[in-house]
Amino acid sequence: MSESTSALGSAQLAAELDEIFDEVVAQLSELVSIPSVAWESFDPGQVRASAEAVARLAADLGLETEILTARTPDGSEGYPAVVASLPAPDGAPTVLLYAHHDVQPPGRAELWNTEPFTATQVGDRLYGRGAADDKAGIMVHLTALRLLRERLGVGVTLFIEGEEEAGSPSFRSFLDTYESKLAADVIVVADSGNWAAGVPALTTSLRGMCALEFEIATLDHAVHSGMYGGVVPDAMLAMTRVLASLHDEDGSVAVPGLVADTDSAIDYDEETIRTDSGVLDSTSLIGRGTLASRLWSQPSITVIGLDIPDVAMSSNTLQSSLRAKLSIRLAPGDTPENAVRAVSDHLRAHLPFGASLTIGATEGGSPWQANLDDPVVRTARDALTDAWGVDSVTMGIGGSIPFIADLLEVFPEASILVTGVEDPDARAHSANESLYLPDFRAAIVAEALLLSRLSTGHSRNP
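Residues numbered from 1 in each chain as written. Predicted model: local features only at pLDDT ≥ 70, side-chain atom pairs only at ≥ 80, totals over all residues. Heavy atoms only, no water.

The name given to the chain in an unreviewed UniProt entry is Acetylornithine deacetylase/succinyl-diaminopimelate desuccinylase-like protein, with the source organism recorded as Brevibacterium celere.

The subject of this paragraph is the sheet that holds strand 5 (residues 125-127). Spatial ordering of the open sheet is given by 4-5-18, a layout of three strands whose pairing is antiparallel. Edge strands, defined here as strands with exactly one partner in the open sheet, are strand 4 (120-122) and strand 18 (434-436). For this sheet, the mean angle separating the axes of adjacent strands, direction not counted, is 25 degrees. As judged from the three bridges shared by strand 4 and strand 5, these two strands associate in the antiparallel manner. Bridge pairing in strand 5 links Gln121 to Leu126. Strand contacts of helix 13 (residues 437-453): strand 4, strand 5 and strand 18, with the helix running at about 65 degrees to strand 18, the strand carrying the most contacts. (Pairing = 2+ DSSP bridges. Helix = DSSP H or I, 4+ residues; strand = E, 2+ residues; numbered from the N terminus. Axes fitted to C-alpha atoms, helices over the stretch in contact; angles between N-to-C directions. Contact = heavy atoms within 4.5 Å.)

Within the element layout of this structure, Glu164 appears in the loop between strand 6 (155-161) and helix 4 (171-177). Notably, Glu164 is buried but unbridged: the nearest opposite-charge side chain belongs to Arg329, and the N-O separation is 9.3 Å. Polar side-chain contacts of Glu164 include one of 3.2 Å to the side chain of His100. Setting aside anything within four residues of it in sequence, one finds Glu164 in contact with Tyr98, His100, Asp102, Asp191 and Phe403. (Buried < 20%, exposed > 50% of the residue type's maximum accessible area, 1.4 Å probe, protein only. Lys, Arg positive; Asp, Glu negative; His and termini not counted. Salt bridge = Lys/Arg side-chain N within 4 Å of Asp/Glu carboxyl O. Polar contact = N/O pair within 3.5 Å; in protein donor to acceptor, adjacent residues only side chain to side chain.)

It is worth spelling out the sheet that holds strand 11 (residues 300-307) at this point. Strands sit in the order 11-13-9-14 across an open sheet of four strands; the sheet is antiparallel. Of all the strands in the sheet, just strand 11 and strand 14 (356-365) have a single pairing partner and so form its edges. On average, adjacent strands in this sheet sit at an angle of 20 degrees to one another, irrespective of strand direction. The strands touched by helix 7 (residues 235-244) within the sheet are strand 9 (208-217), strand 11 and strand 13 (321-330), with strand 13 carrying the most contacts at an inclination of about 15 degrees. Seen against the sheet, helix 10 (residues 336-349) touches strand 9, strand 11, strand 13 and strand 14 and runs at an angle of roughly 25 degrees to strand 9.

To continue, consider unusual backbone geometry. With omega at 10 degrees, the peptide bond leading from Asp133 into Asp134 counts as cis. Among the structural elements, Asp134 can be located in the loop between strand 5 and helix 3 (135-148). Its identity is not glycine, yet His429 carries a phi of approximately 75 degrees, on the positive side. Overall, the relative accessible area of 43% leaves His429 in the partly exposed class. Here Asn432, not a glycine, exhibits a phi torsion of approximately 65 degrees, which is positive. With respect to the helices, strands and loops of the structure, Asn432 is situated in the loop between strand 17 (415-422) and strand 18.

In structure tokens:
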């Protein structure tokens, strides 16, 4: 344990948190009650109400607070974000604390055991949409600041985004517009998870992502399958052949030119993967290398869209053309540009029957790898270890946080820490999303310890 490195220890902070924890959970529950879905088909007023609720909590702590927006690439106004700050004492660093107040749509109501926008505690878990992803992250930041109060020896900027689940369309514009307000020495992104319930982790690598749409055509118009089937190749036949070429027999990605690493320092056991993912007992896992590497440091390709007639509307027709959309996850060290080029070249090389290929829209976000030698990373790991009372680990995440590349581009000298409160059973984005309250409690203590240890001896005491 490294408690002796700081006059403010984990035991003291945990005891102080115990006195206010019920109130903190109640505040989190109020945030969960606001259906802040930043999608066009949902009420934007709820996202504004969520921003206002977060702003009130920040202002109550004495932070100078604003609700700000920026323009998206198409010129429309983005969803509201909260920016709140306390200036740094002379010579002390400034820490940017990021989370997001928007949430995923609730999905099908019948799949929930509780009301999605009513925070419901069952045992050690608090259920509700956003309870873990990411309104708990907001409350970790706010409560850590509340615990430190006059003992805070660093500058703090709170940045609570309002459209992360919608792809952060105005994020880069927001950074460029408000760069002077957001500049920091350390950036804490509280939007990840832990190795297991009760085992803390610092996320040190993230896969990147890109999406690619394409169209395959074999005919200039659709024709009767009875008249021409068996002679004329339809677009569906060509499409299935192309899609099948993307993977080897074991399910590994078969596209040359993509970065891949099959090793990892720690690994999952197969039963954990099966339980957490819900894969059927009869279904084998895919890929090669360690299970962790398949999720963290190897690419994956998923067909996420295919424009074809559904079964209910099908007819005896040879389709002339079909569109598909691929989601490609990139290993650290790769780039979206390289991945789009590699996949596009592969599609062209595997077109059967002389079919026509048109590459359509693409989008992407870069992968990220932390500098494990950064002293700030070591400080964060020590804080996690002390708060949980269990050695922290470093881990990767198979998902992507594309805006981290934007943060690094705008603030290249900043240390970035990716933390979070989710555990493998949190079910973020799914029905019955929940927050494991013991880990929520420990995450608050860990962040307070981190901020205390970054203070370089400065204090707000007179």
